[in-house]
Amino acid sequence: MTGETVTVTIDRIAAGGDGVGRADGLVVFVPRTAPGDRVRVVLHRERRLARGRVIHVEQAGPDRVEPACPHYEADACGGCQLQHLSIDAQRRAKSGMIRDAFQRIARREVAEPEVRHAGAPWHYRAKLTLALRRGDGGWRAGLRRFDNPDAVFAMRECHITDERVLDAWRAVLAQGAFLPDAAELRGSVRLLDRGASLVVEGAVAWPEPQALLDAVPQLSAIWWTPEGGRRRLVATRGDAARHGASFTQVNPAVAALMRTHVLDVARAHAPQRVVDAYAGIGDTAEPLARDGARVVAIELDREAAQVAAARLPHGSRAVAAPVEQALPDALPADLVLLNPPRTGVDERVTRILENARPRTIIYVSCDPATLARDVGRLRSYQVRSLVAFDMFPQTAHVETVCELVLEAA
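Treat the numbers as computed from the prediction; the structure is a model and nothing was measured. (Residues numbered from 1 in each chain as written. Predicted model: local features only at pLDDT ≥ 70, side-chain atom pairs only at ≥ 80, totals over all residues. Heavy atoms only, no water.)

## Details of the overall build of the protein
Argument step 1. When helices and strands are counted, the protein shows 10 helices and 21 strands.
Argument step 2. Against the 2.2 N^0.38 benchmark of 22 Å for 409 residues, the protein shows a C-alpha radius of gyration of 23 Å, consistent with a compact globule.
Argument step 3. Here the protein holds 409 residues, and the buried ones make up 54% of them.
Argument step 4. Put simply, of all contacts in the protein between residues at least 6 apart along the chain, 59% involve residues at least 24 apart. (Helix = DSSP H or I, 4+ residues; strand = E, 2+ residues; numbered from the N terminus. Rg over C-alpha atoms; globule rule 2.2 N^0.38 Å. Buried < 20%, exposed > 50% of the residue type's maximum accessible area, 1.4 Å probe, protein only. Contact = heavy atoms within 4.5 Å.)

## Focus: the packing of aromatic side chains
Argument step 1. Taken as a whole and assessed by the stated rule, the structure comprises 1 aromatic pair.
Argument step 2. A centroid spacing of 5.9 Å and a plane angle of 90° characterise the contact between Trp-206 and Trp-224, whose relative ring orientation is edge-to-face. Taken together, the residues span a long stretch of sequence, with Trp-206 in the loop between β12 (196–201) and α4 (209–215) and Trp-224 in strand β13 (residues 219–225) at a distance of 18 residues. Neither Trp-206 nor Trp-224 differs from the other in exposure class; each is buried.
Argument step 3. In this structure, Arg-231 is placed above the aromatic ring of Trp-223, and the distance from its NZ or CZ to the ring centre is 5.2 Å. (Phe/Tyr/Trp six-rings, centres within 6.5 Å; stacked < 30°, edge-to-face > 60°. Lys NZ or Arg CZ within 6 Å of the ring centre and 35° of its normal.)

## Some details on the sheet that holds strand β2 (residues 19–23)
Argument step 1. One closed barrel accounts for 5 strands, arranged β1-β2-β3-β5-β4; its pairing is mixed. On average, each strand axis in the sheet is tilted by 50° relative to the strand beside it, whichever way the strands run.
Argument step 2. Note: β2 against strand β3 (residues 26–30), 5 bridges, orientation antiparallel. Note that in β3 the partner of Ala-23 across the bridge is Leu-26. (Pairing = 2+ DSSP bridges. Axes fitted to C-alpha atoms, helices over the stretch in contact; angles between N-to-C directions.)

## Quick notes on the environment of Pro-340
Argument step 1. Considering the arrangement of structural elements, one finds Pro-340 in the loop between β18 (335–338) and α9 (347–356).
Argument step 2. A sequence separation of 297 residues divides Pro-340 from Leu-43, and the C-alpha atoms of the two residues are 36 Å apart.
Argument step 3. Beyond its immediate chain neighbours, meaning those up to four positions away, Pro-340 contacts Tyr-278, Val-345, Tyr-363, Val-364 and Cys-366.

## Some points on the environment of Pro-358
Argument step 1. Relative to the helices and strands, Pro-358 is located in the loop between α9 and β19 (360–365).
Argument step 2. Among the residues examined, Pro-358 registers a relative accessible area of 2% and is labelled buried.
Argument step 3. The spacing of Pro-358 and Pro-332 is 26 residues in sequence and 7.0 Å in space, taken between C-alpha atoms.
Argument step 4. When residues no more than four places from it in sequence are discounted, the contact partners of Pro-358 are Ala-333, Asp-334, Val-336, Leu-353, Tyr-381 and Leu-406.

## Brief notes about the pairing of strand β16 (residues 294–299)
Argument step 1. Buried residues dominate β16, accounting for 5 of its 6 residues.
Argument step 2. Examined bridge by bridge, strand β15 (residues 273–277) and β16 share 5 bridges and lie parallel to one another. Of the residues in β16, the one forming a bridge with Val-274 is Val-295.
Argument step 3. As a crossover connection, the stretch from β15 through helix α6 (residues 285–290) into β16 is right-handed.
Argument step 4. Bridge count for β16 against strand β17 (residues 317–320) is 4 bridges, and the pairing is parallel. The residue of β17 that forms the bridge with Ile-298 is Val-319.
Argument step 5. Where the polypeptide runs from β16 across helix α7 (residues 302–311) and back to β17, its parallel neighbour, the crossover connection is right-handed. (Right-handed = clockwise from strand over helix to strand, strands pointing away.)

## With respect to the packing of helix α2 (residues 87–106) against helix α10 (residues 368–377)
Argument step 1. Taken N-terminus to C-terminus, the directions of α2 and α10 make an angle of 40°; their axes are 8 Å apart at the nearest point. Taken as axis vectors, α2 and α10 run oblique relative to one another. Viewed along their axes, α2 and α10 form a crossing whose handedness is right-handed. Of the residues in α10, those in contact with Met-97, Ile-98, Ala-101, Phe-102, Ile-105 and Ala-106 of α2 are Pro-368, Ala-369, Leu-371, Ala-372, Arg-373, Val-375 and Gly-376.
Argument step 2. Among the residues making up the contact of α2 with α10, the classes are represented as 11 nonpolar, 1 polar and 1 charged. (Parallel < 35°, antiparallel > 145°, perpendicular 65-115°, else oblique. Left-handed = near helix turned anticlockwise from the far one by under 90°. Nonpolar A, V, L, I, M, F, W, Y, C, P; charged D, E, K, R; others polar.)

## Observations concerning empty space enclosed by the protein
Argument step 1. Overall, the coordinates contain 1 cavity of 30 Å³ or more when judged by the stated rule.
Argument step 2. There is about 30 Å³ of room inside the largest cavity.
Argument step 3. Surrounding the largest cavity, Leu-132, Trp-169, Leu-179, Leu-185, Arg-186, Gly-187, Leu-198 and Val-200 form its lining.
Argument step 4. The set of elements that each furnish at least two residues to the lining of the largest cavity consists of β11 (184–191) and β12. (1 Å grid on protein atoms, 1.4 Å probe; cavity = no way out; pocket = protein on both sides within 12 Å on 5 of 7 lines; lining within 4 Å. Points joined across faces, edges and corners; volume = space filled by probe spheres on them.)

## Observations regarding the environment of Thr-284
Argument step 1. Counting through the fold element by element, Thr-284 comes out in the loop between β15 and α6.
Argument step 2. Residues Thr-284 and Ala-14, 270 residues apart in the sequence, show an inter-C-alpha distance of 32 Å.

## As for the sheet that holds strand β7 (residues 127–135)
Argument step 1. If you trace the 6 strands from one edge of the open sheet to the other, you get β8-β7-β11-β12-β13-β14, paired in mixed fashion. Looking along the sheet, the strands with just one partner apiece sit at the ends: β8 (138–142) and β14 (232–236). Across the sheet, the mean angle from the axis of one strand to that of its neighbour is 25°, orientation sign disregarded.
Argument step 2. Of the pairings in the sheet, the one linking β12 to β13 comprises 6 bridges and is parallel in character. In the sheet register, Ser-197 faces β13, and the bridge partner there is Ala-221.

So, in structure tokens, the structure goes:
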């Protein structure tokens, strides 16, 4: 069936943002489609399923809208996956992704969670990461195509990114002669309380990063990760941006909404002993410690752990170590907070928690699939609440807060 042209009606949106339909009983995943779409596609079989490339939308579904960003269709930009859906439809799709992951992976029946949001669904991102390629005319900076991840198109605008970030990027590229000498780089601009930071990855030498900082007034700090090396601060205007490379929220409005929810759920359990795993700089650990709980904050990033330690009151502490190594010594606890990266928690973490059996676990996840996998390993716990947060509108990413309590509790 590979290469065959067929018509597919899209039923739903899958994790990752592809529409899902069937052709002669075969499940077909089709990017950039909406529920109710009838589309003509070219099929490419992959084992027991197929992927379709749209060649024509025969009939648009009720949730389809015109994408706002010209790069979305003209350049097949991979930065967003759902701009062709109305914002309400995007949030329904994300709720369905979470429920489906729990049913399929965790083998648990849950209702579709509420998806909370704050602020506008456009120009919300306080950080933008671009791929840089050097050509005869200088640097080309942009995002990757969803249908060809090796191809980088030159980005002129980004409708989900704060204009201040875009202005800083334009200024950096205008002074591209001061970037390190390499065929390709990766860079991130992130807003700070004052100005912005630039993180550059790649190249083996960068003699004068200060020259770039001096030439770009929008920047307050530059960090560099050389090939095979560790990230370090290489230029700064004073010390105001010391912690700005990693620890500012990408969507501050939704991050604040989610943090308030996590704290409300935690406080409802009145914990006396708390472990905050993957604690970052202590944004959750500090208020719980100020409430009177004894908190152990565990964070792999040593710099972030130092920031957290400085924020915690006497009686609480921060540990710079992998969670799976530090967790046994931090227990017992009434409440354990988990906020891991997209890969989820190490299997050792769920095994330790199953043995220690803290009364409550609050799991903050940026990937429904790894959340469901890890919840499936915590067989002694039931899901008391599940709330989603639309941290990244126009994309298929969603944040989820899962409250778990012991079955006997």
